[in-house]
Amino acid sequence: MKILQINAVYGFASTGIIVKDIENLLVNNGHTSYVAYQSAINPPKNSYKIGNKLDWKLHAVYSRLLGKQAYASKLATKELINYIKSIAPDIVHFHNLHSNYINFNMLCDYLAKSKIPVVITMHDCWFFTGKCTHYAAVKCDKWQTTCGNCPQNKNEQPSLFLDSTSKVLKDRTNRLNKLNNLTLVGCSKWIAGEAEKSLIKNAEIQVVYNGVDTSVFTPHESNFRKDNNIENDFVILGMANKWCLDINKNAVNKIIEENQDSKIVIVGCNDEQKNSFKQYENVICLGFIKDRNELADVYSSSDVFVNLTHADTLPTVNMESICCGTPVITYNCCGSPELIDGDSGFVVEENDVKSLLQKIMQIKENPLQFNVKDKQEKFDKNTCYNKYLDIYNQLLKADEV
């Protein structure tokens, strides 16, 4: 079979690595893989670059002014459609299309007319809302009926003048409902459940976790503790993109203050964030770590990973930490808690700082023991992505009927 994946990126970032992993799986099983992308690192032979920098910038301006992302890039999308015609894929697989590079309505109209089966991996909520990728933090459920008066209109994918969310939601769901053979794949049970509440009614909904490379993310020895002079310390790990949010300021300060006898490692800090933690002797700020082997060193060297997320479809960081043998404490939000079994960590309610501190202390006094091998089998990328082959085969069989 011939599969075309479309994503904003290829070969880097979370979704770009997922696309590459699925491509490798297809090729290794004797299938033909194509990838269409906006940006890529070492793109494969069967690949197509969508648009150019000028088009992306004009699209971004259009989106910023009118609040209608994925409505511009008409020429680039027309050329993409010509590419699709030339390769004649059996299935088109959408990943992230919200990066100002594609005209969603045009693409869906063509796919509906040509009756090509479509798979959509919902890495976030964009496909069934009028704008946002996540709404959990603002507790919005307007997308279930009609958007409008968007509480995130000036924040997420900000629109300077218009709130077009009502029209966008109508256009988007109408297009998706016209597709002949559509499968929505939630990368968590949570988002699959949310999609069931949406206005998209003409779709099969399944769940496939985003897997991790368990040959990299596995318990191992490294020089990380020695290099940072923390060989005998209890190490609490956090990620800057969550820990440095204003909403988490109180929780972070409490964690630092209540754990003076421990070391707190925060990964992904920029210079400004590093400066904000300079006053604390027990905090080690690291920059963004691109190398996954180096990141695995940090996980494996930590005693607990604390994920202060308020909006995450499926935090890959939770799986990476657990596969490295490090338990996770997370907020009870979106898809994050479903990754935590009873023995691999704890789930606390959002902003319940008291419970958060108690669970850190509990792990400090009684380290959690769990079967890492069992977790790796559950989260291994090959185990997870093989399910896509099943979905593709199911769609092709249905298409033949």
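Scope of this entry: the structure provided in the associated data block. (Residues numbered from 1 in each chain as written. Predicted model: local features only at pLDDT ≥ 70, side-chain atom pairs only at ≥ 80, totals over all residues. Heavy atoms only, no water.)

1. Comments concerning the overall build of the protein
Right, so step 1: Each helix and strand counted, the protein has 15 helices and 13 strands in total.
Right, so step 2: Rg of the C-alpha trace for the protein: 22 Å, near the compact-globule value of 21 Å for 401 residues, within the 12% margin.
Right, so step 3: The 401 residues of the protein split such that 57% are buried.
Right, so step 4: Once local pairs closer than 6 in sequence are excluded, the contacts in the protein between residues at least 24 apart make up 66%.
Right, so step 5: For the protein, the centre of its 44 positive side-chain charges and the centre of its 45 negative side-chain charges are spaced 9 Å apart. (Helix = DSSP H or I, 4+ residues; strand = E, 2+ residues; numbered from the N terminus. Rg over C-alpha atoms; globule rule 2.2 N^0.38 Å. Buried < 20%, exposed > 50% of the residue type's maximum accessible area, 1.4 Å probe, protein only. Contact = heavy atoms within 4.5 Å. Lys, Arg positive; Asp, Glu negative; His and termini not counted. Charge placed at Lys NZ, Arg CZ, Asp CG, Glu CD.)

2. Concerning the sheet that holds strand S4 (residues 91-94)
Right, so step 1: Overall, parallel pairing links the 7 strands, which are arranged S3-S2-S1-S4-S5-S6-S7 in an open sheet. Each end of this open sheet is capped by a strand with a single partner; those strands are strand S3 (47-49) and strand S7 (204-207). The average angle at which neighbouring strand axes cross in this sheet is 20 degrees, direction not considered.
Right, so step 2: Relative to S4, helix H4 (residues 104-114) is tilted by about 155 degrees, and along the sheet it contacts strand S1 (2-10), S4 and strand S5 (118-122). (Pairing = 2+ DSSP bridges. Axes fitted to C-alpha atoms, helices over the stretch in contact; angles between N-to-C directions.)

3. Looking at the packing of aromatic side chains
Right, so step 1: Scanning the model with the defined rule gives 16 aromatic pairs in all.
Right, so step 2: Taking the centre distance of 6.3 Å and the plane angle of 35 degrees together, the rings of Tyr-385 and Tyr-388 count as tilted. Residue Tyr-385 and its partner Tyr-388 are located together in helix H15 (residues 381-400), separated by 3 residues, close to a single helical turn.
Right, so step 3: Since its relative accessible area comes to 2%, Tyr-385 is described here as buried.
Right, so step 4: The structure contains a cluster of three or more aromatic residues connected by ring pairs, namely Phe-94, Phe-104, Trp-126 and Phe-127.
Right, so step 5: A cation sits over an aromatic face here: Arg-172 above Trp-126, 3.7 Å from the ring centre.
Right, so step 6: The ring of Phe-346 is capped by Lys-359, whose NZ or CZ atom sits 4.6 Å from the centre of that ring. (Phe/Tyr/Trp six-rings, centres within 6.5 Å; stacked < 30°, edge-to-face > 60°. Lys NZ or Arg CZ within 6 Å of the ring centre and 35° of its normal.)

4. Comments concerning the nonpolar core
Right, so step 1: One finds Ile-6, Leu-80 and Phe-94 to be the most contacted residues of the largest nonpolar core, which totals 51 residues.
Right, so step 2: Of the residues forming this core, the biggest block, 6 residues, is contributed by helix H3 (residues 74-87).
Right, so step 3: Residues in contact with Phe-94, not counting those within four places in the same chain, are Ile-6, Phe-104, Leu-107, Cys-108, Leu-111, Val-118, Val-119, Ile-120, Thr-121 and Phe-127.
Right, so step 4: Ranked by size, the runner-up nonpolar core spans 49 residues in total, among them Ile-22, Cys-323, Tyr-388 and Leu-395. (Core = buried A, V, L, I, M, F, W, Y, C linked by side-chain atoms within 4.5 Å.)

5. Focus on the sheet that holds strand S10 (residues 283-286)
Right, so step 1: In spatial order, the strands read S10-S9-S8-S11-S12-S13; together these 6 strands make up an open sheet with parallel pairing. At either margin of the open sheet sits one strand with a lone partner, and together these are S10 and strand S13 (345-348). In this sheet, neighbouring strand axes are inclined to one another by 20 degrees on average, regardless of whether the strands run parallel or antiparallel.
Right, so step 2: The pairing of strand S11 (residues 304-307) with strand S12 (residues 328-331) spans 3 bridges and is classified as parallel. Its bridge partner being in S12, Asn-307 is matched across the sheet by Thr-330.
Right, so step 3: Helix-sheet contacts for helix H13 (residues 353-365) involve strand S8 (235-239), S11, S12 and S13, and the interaxial angle to S13 is about 170 degrees.

6. Some remarks on the pattern of salt bridges
Right, so step 1: Enumeration over the complete set of coordinates arrives at 12 salt bridges.
Right, so step 2: Here Asp-171 ties to Lys-167 by a salt bridge, and the two come within 3.1 Å at their closest N and O atoms. Taken as a pair, Asp-171 and Lys-167 lie in helix H5 (residues 165-178) at a separation of 4 residues, close to a single helical turn.
Right, so step 3: On the accessibility criterion, Asp-171 (12% relative accessible area) is buried.
Right, so step 4: Classification of Lys-167 as partly exposed rests on a relative accessible area of 44%. (Salt bridge = Lys/Arg side-chain N within 4 Å of Asp/Glu carboxyl O.)

7. A look at the environment of Val-212
Right, so step 1: As for its position among the elements, Val-212 is in the loop between S7 and helix H7 (224-227).
Right, so step 2: Once the C-alpha coordinates of Val-212 and Leu-58 are considered, the two residues, 154 residues apart in sequence, prove to be 36 Å apart.
Right, so step 3: Contact partners of Val-212, with chain neighbours within four places excluded, come to Phe-217, Thr-316, Met-319, Glu-320, Cys-323, Phe-379, Asp-380 and Lys-381.

8. Thoughts on the packing of H3 against H4
Right, so step 1: Two elements in contact, H3 and H4, have axes whose closest approach is 9 Å; the angle formed by their N-to-C orientations is 25 degrees. Taken as axis vectors, H3 and H4 run roughly parallel relative to one another. Regarding H3 and H4, the two cross each other, and that crossing is right-handed. Touching Lys-74, Thr-77, Lys-78, Leu-80, Ile-81, Ile-84 and Lys-85 of H3 are Met-106, Leu-107 and Tyr-110, all from H4. (Parallel < 35°, antiparallel > 145°, perpendicular 65-115°, else oblique. Left-handed = near helix turned anticlockwise from the far one by under 90°.)

9. A word on helix H9 (residues 249-258)
Right, so step 1: Of the residues making up H9, those classed as buried are Ala-251, Val-252, Ile-255 and Ile-256. Projection of H9 onto a plane perpendicular to its axis shows the buried side chains occupying an angular sector of 130 degrees, all on one side. (Arc of directions from axis to C-beta.)

10. Describing the environment of Gly-186
Right, so step 1: By the element assignment, Gly-186 lies in strand S6 (residues 182-186).
Right, so step 2: Judged by its relative accessible area of 0%, Gly-186 falls in the buried class.
Right, so step 3: Taking C-alpha positions, Gly-186 is 17 Å from Pro-117, a pair spaced 69 residues apart along the chain.
Right, so step 4: Beyond its immediate chain neighbours, meaning those up to four positions away, Gly-186 contacts Met-122, Ile-191, Ala-192, Gln-206, Val-207 and Val-208.

11. Focus on the side chain of Arg-172
Right, so step 1: Mapping Arg-172 onto the fold places it in helix H5.
Right, so step 2: Here Arg-172 is buried and forms no salt bridge, its nearest opposite-charge partner Asp-124 lying at an N-O distance of 8.0 Å.
Right, so step 3: In terms of polar contacts, Arg-172 uses its side chain to reach the backbone carbonyl oxygen of Thr-129, at 2.8 Å.
Right, so step 4: Beyond its immediate stretch of four places on either side in the chain, Arg-172 contacts Gln-69, Phe-104, Trp-126, Phe-127, Thr-129, Gly-130 and Lys-131. (Polar contact = N/O pair within 3.5 Å; in protein donor to acceptor, adjacent residues only side chain to side chain.)

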